[in-house]
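Secondary and tertiary structure notes
Next come the chains, spelled out residue by residue.
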Amino acid sequence: MSKKEFKAESKRLLDIMINSIYSQREVFLRELVSNASDAIDKIYYKALTDESLTFNKDDYYIKISADKENRTLTISDTGIGMTKAELEEHLGTIAKSGSLSFKHENEVKDGYDIIGQFGVGFYAAFMVADVVTVISKALGSAEAFKWESAGADGYTIESCQKDSVGTDVILKLKENTEDENYDEYLEEHRLKTVIQTYSDFIRYPIKMDVTVNKPKEDAENEFEEVVEEQTVNRMVPIWRKNKNELTDEDYQAFYSEKHYGFDKPLAHIHTSVDGAVRYHAILYIPENIPFNYYSKEFEKGLELYSNGVLIMDKCPDLLPDHFSFVKGMVDSEDLSLNISREMLQHDRQLKRIAKNISKKIKNELKNLLKNDREKYESFYHSFGRQIKFGVYNDFGAHKDTLKDLLLFYSSKEKKLVTLDEYVARMPEDQKYIYYASGDSYDRIEKLPQTEVVTEKGYEMLYFTEDIDEFAIKMLATYQEKEFKSVSSGDLGIDTEEDQNQPDTDENQYKEIFDEMKQTLADKVNSVRASKRLKSHSVCLAADGEVTIEMEKILNAMPDSQHVKADKVLEINTNHSVFQTLKTAFENDKDKFSLYTNLLYNQALLIEGLPIEDPVQFTNDICKVMA
Ligand code: ADP
Ligand code: MG
């Protein structure tokens, strides 16, 4: 019989498993038990939905047996089993299980991260075993097969004898070393503890032969040791338990056991609803972003159980996109086991549950925001972007649900604030909610356009994410206050000078501005005297819907339509540079056009926009200096 090689990725993981000094080797048992439980789920589901199969609940269990003499530990299940092809496919390569992605090279360096992050599953067996033997008979198959591997050099498969459907995983434990005592996994007590720590909620009995002291039948006050089969796990799934009986640690353990994430969840929601729709759910708000969260590969969804039987491991219809980060499960008695994916989409019960869940998530987030700001900000740091997308997507259909969950950086508070906090602080004469966009808070702070708003003492929201302005445009108003970009045409701020000399500048310097516009041609829509500049000489503003920041973002998109903001070059007529410009206008047209171009290019630089002709620009500066 020839040996087959593991697929490359599997080989590397095996190496890590075998060689890692992993502090929690005991999780191998959790992984094998969880596989056994999955396999029983599958056969249980089949038996419930296929009338030709008889169904007897007692037939489904997991058995752990230790053989001290031969130093083997066996995990047997009465699950669905594996065919020869499945043994090859599922145990010969890890990539299949989807548990592990090798994209993140760095995380592969030590075993701890991998197990923590993905739950490597079956391969964890090699942390404690030299040789792993899997004997399996698949449902509906007459033959059984034996898969065997001693680690990285490959595996063999041959046919063998097994009467009942199911799988035995047999571990030949490693030799004890100075640091590591593998014999502990043959000890009844130790095994029991490990099972109860990690697999207590497994819904099938995990049986073990346990030695107990029993009173002798014929003699009084005498005891004898007898071996009896016991179920060591409590089985009641966590979601059916009373909240009061559960601790945060229980929820965290469930989170890791389920591989929902490798972080500690920020918050959990445990709910049991018994009304028009009946369901139990445990939902988690993770703290960290899954590595593929903002990519196409990420699939949202919750585990869906029908009366305790897993029917789908990622049901997307249970979660709206804006809450796609939520992890967890739903168990409902009202769903049919036989339901297909397509039917599920139209299922009224499921729709109700989804709606219900959505509300609970929103309330939990609002609670966090109100009662634990630090936690909320940590959540927002990871998933705030998704909330903003949620406001923008579907033509704003969810904006009212989400608007109170938004946070933006405040120019006054120097931290993230809610829109409600902003509006509550607005002075009476302030008409708009002001915002400024840019690459970073520091850069925004220095934007000339912010000068007049700052001087007026109004608070500004700083937008640094590309989605920010789009989301805000979708909202349009908050508590009836309109949003206003600091670089938009009319800021609605009356300065004192305005009242003294309303628009006189505009008329007085009309000729100059007209000629500047002619020089700049279609680079700008118009040139005008600025009402917002105080110490700076020049800036760009935008009339109309599209702001300069939006133009930048839209044009950076792959399918860009070359959107243009209606740019206006604003000149500070009180600035000394304007005097120079005026003199040039009167005496030297060449200089005038040189200065106009320089000012325009400066405005571009301030905005972070590319200068169309940098060589010309530097030449122009040299001309001025010469
Ligand atoms: P995962 O459980 O994340 O899919 P594993 O590495 O734990 O990844 O297992 C790989 C695959 O091997 C499983 O998806 C399953 O198809 C198969 N498998 C493992 N153990 C068993 C078992 N006891 N019975 C049936 N199939 C099993
Ligand atoms: Mg597994």
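The protein carries the name Chaperone protein HtpG in an unreviewed UniProt entry, which gives Bacillus changyiensis as its organism. Its UniProt record gives the protein the following Function (unreviewed entry) comment, quoted word for word: "Molecular chaperone. Has ATPase activity."

1. Section: the sheet that holds strand 13 (residues 327-332)
One open sheet accounts for five strands, arranged 9-10-13-11-12; its pairing is mixed. Strand pairing shows two members of the sheet lacking a second neighbour, strand 9 (267-274) and strand 12 (309-315), which therefore form its edges. Within the sheet, the average angular offset between the axes of one strand and its neighbour, ignoring direction, is 15 degrees. Sheet topology note: the strand 9/strand 10 (residues 278-285) ladder contains eight bridges and is antiparallel. Directly across from Val 273, in strand 10, lies its bridge partner Tyr 279. Relative to the sheet, helix 6 (residues 248-257) contacts strand 9, strand 10 and strand 13, its axis offset from that of strand 10 by approximately 85 degrees.

2. Comments concerning the packing of aromatic side chains
As enumerated under the stated definition, the model contains 33 aromatic pairs in all. Their ring planes at 65 degrees and their centres at 5.2 Å tell us that Phe 325 and Phe 379 sit as a pair that is edge-to-face. Of the two residues, Phe 325 sits in the loop between strand 12 and strand 13 while Phe 379 sits in helix 9 (residues 373-396), which places them 54 residues apart along the sequence. Classification of Phe 325 by relative accessible area gives buried; the value is 1%. Members of the aromatic cluster, joined through ring pairs, are Tyr 293, Tyr 294, Phe 298, Phe 323, Phe 325, Tyr 376, Phe 379, Tyr 380 and Phe 383. Over the face of the ring belonging to Tyr 61 we find Lys 207, whose NZ or CZ atom lies 4.3 Å from the ring centre. Looking at Arg 385, its charged tip hangs above the ring of Tyr 294, at a distance of 5.8 Å from the centre.

3. Focus on the nonpolar core
Judged by nonpolar contacts, the single largest core of 71 residues is most densely connected at Leu 318, Phe 379 and Tyr 434. In terms of residue count, the dominant contributor to this core is helix 8 (residues 348-371) (eight residues). Each of domain 2 (238-376) and domain 3 (407-493) accounts for three or more of the residues forming this core. Counting residues in hydrophobic clusters, the runner-up holds 54 residues, among them Tyr 44, Ile 62, Met 127 and Ile 157.

4. Here we look at the environment of Gly 544
With respect to the secondary-structure elements, Gly 544 resides in the loop between strand 21 (538-543) and helix 18 (548-556). With relative accessibility at 52%, the residue Gly 544 sits in the exposed group.

5. Points about the pattern of salt bridges
A full pass over the atoms with the stated rule returns 41 salt bridges. Two residues, Glu 570 and Arg 528, come together in a salt bridge whose shortest N-O distance is 3.0 Å. Of this pair, Glu 570 sits in strand 22 (residues 566-571) while Arg 528 sits in strand 20 (residues 526-529), placing them 42 residues apart in sequence. For the pair shown, Glu 570 and Arg 528 are each scored as buried. Put simply, Arg 385, Lys 388, Glu 465, Asp 466 and Asp 468 are held in one network by salt bridges that share partners.

6. So, empty space enclosed by the protein
Enumeration according to the criterion identifies four cavities of 30 Å³ or more in this entry. Around the largest cavity, the lining comprises 13 residues; the ones closest to its centre are Ser 437, Ser 485, Ser 487, Glu 549 and Glu 607. Secondary-structure elements contributing two or more residues to the lining of the largest cavity are strand 16 (433-437) and helix 18. Its residues assigned to classes, the lining of the largest cavity comprises five nonpolar, five polar and three charged.

7. Some details on the packing of helix 2 (residues 27-49) against helix 5 (residues 188-198)
The interhelical angle for the contact between helix 2 and helix 5, taken along N-to-C directions, is 65 degrees, at an axis separation of 9 Å. Along this stretch, helix 2 crosses helix 5, giving a crossing that reads as right-handed. For the pair helix 2 and helix 5, contact is made by Val 27, Leu 29 and Arg 30 and by Leu 191, Val 194, Ile 195 and Tyr 198, respectively. In the contact of helix 2 with helix 5, the residues fall into six nonpolar, no polar and one charged.

Reading the values: the criteria
- Residues numbered from 1 in each chain as written.
- Chains lettered and ligands numbered in written order.
- Predicted model: local features only at pLDDT ≥ 70, side-chain atom pairs only at ≥ 80, totals over all residues.
- Heavy atoms only, no water.
- UniProt positions renumbered as here; feature names shortened; annotations may be inferred.
- Pairing = 2+ DSSP bridges.
- Helix = DSSP H or I, 4+ residues; strand = E, 2+ residues; numbered from the N terminus.
- Axes fitted to C-alpha atoms, helices over the stretch in contact; angles between N-to-C directions.
- Contact = heavy atoms within 4.5 Å.
- Phe/Tyr/Trp six-rings, centres within 6.5 Å; stacked < 30°, edge-to-face > 60°.
- Buried < 20%, exposed > 50% of the residue type's maximum accessible area, 1.4 Å probe, protein only.
- Lys NZ or Arg CZ within 6 Å of the ring centre and 35° of its normal.
- Core = buried A, V, L, I, M, F, W, Y, C linked by side-chain atoms within 4.5 Å.
- Domains from an automatic or database assignment.
- Salt bridge = Lys/Arg side-chain N within 4 Å of Asp/Glu carboxyl O.
- 1 Å grid on protein atoms, 1.4 Å probe; cavity = no way out; pocket = protein on both sides within 12 Å on 5 of 7 lines; lining within 4 Å.
- Points joined across faces, edges and corners; volume = space filled by probe spheres on them.
- Nonpolar A, V, L, I, M, F, W, Y, C, P; charged D, E, K, R; others polar.
- Left-handed = near helix turned anticlockwise from the far one by under 90°.

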